[in-house]
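Now for the letters of each chain:
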Amino acid sequence: MRVSVEEARCCGAGQCVLLVPEVFDQGVDDGIVVLLDATPPEELHGPVREAAAVCPGGAIDVEET
């Protein structure tokens, strides 16, 4: 799995951070998503897919490899 984010689409809801804090964080000043791990371990794949699905801005892209 390869994860990418489109910061311009992020609305700062923070759902991704709540679901997978090992992979996503938020900027202190603006709340915009910060990608911590573009290739998360397999045990996080399910939660990362869920984070992408619930992202209100559609800012998270998951590519299955």
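**Overview of the side chain of H45**
Here comes step 1: Structurally, H45 is set in helix α2 (residues 45–54).
Here comes step 2: The buried category is assigned to H45, whose relative accessible area is 13%.
Here comes step 3: Ignoring any residue separated from it by four or fewer positions in sequence, one finds H45 in contact with M1 and P40.

**A look at α2**
Here comes step 1: Those residues of α2 that fall on the buried side of the exposure criterion are H45, V48, A51 and A52. Around the axis of α2, the buried residues are gathered within 120° of arc, so they sit on the same side.
Here comes step 2: Those residues of α2 that are buried lie in contact with β1 (2–5), α1 (15–19), β2 (24–26) and β4 (60–63).

**Points about the nonpolar core**
Here comes step 1: Ranked by internal contacts, the top residues of the largest apolar core, which has 17 residues, are C16, V20, F24, V48 and I60.
Here comes step 2: Contributions of two or more residues to this core are made by α1 and α2.

Conventions used here
Residues numbered from 1 in each chain as written. Predicted model: local features only at pLDDT ≥ 70, side-chain atom pairs only at ≥ 80, totals over all residues. Heavy atoms only, no water. Helix = DSSP H or I, 4+ residues; strand = E, 2+ residues; numbered from the N terminus. Buried < 20%, exposed > 50% of the residue type's maximum accessible area, 1.4 Å probe, protein only. Contact = heavy atoms within 4.5 Å. Arc of directions from axis to C-beta. Core = buried A, V, L, I, M, F, W, Y, C linked by side-chain atoms within 4.5 Å.

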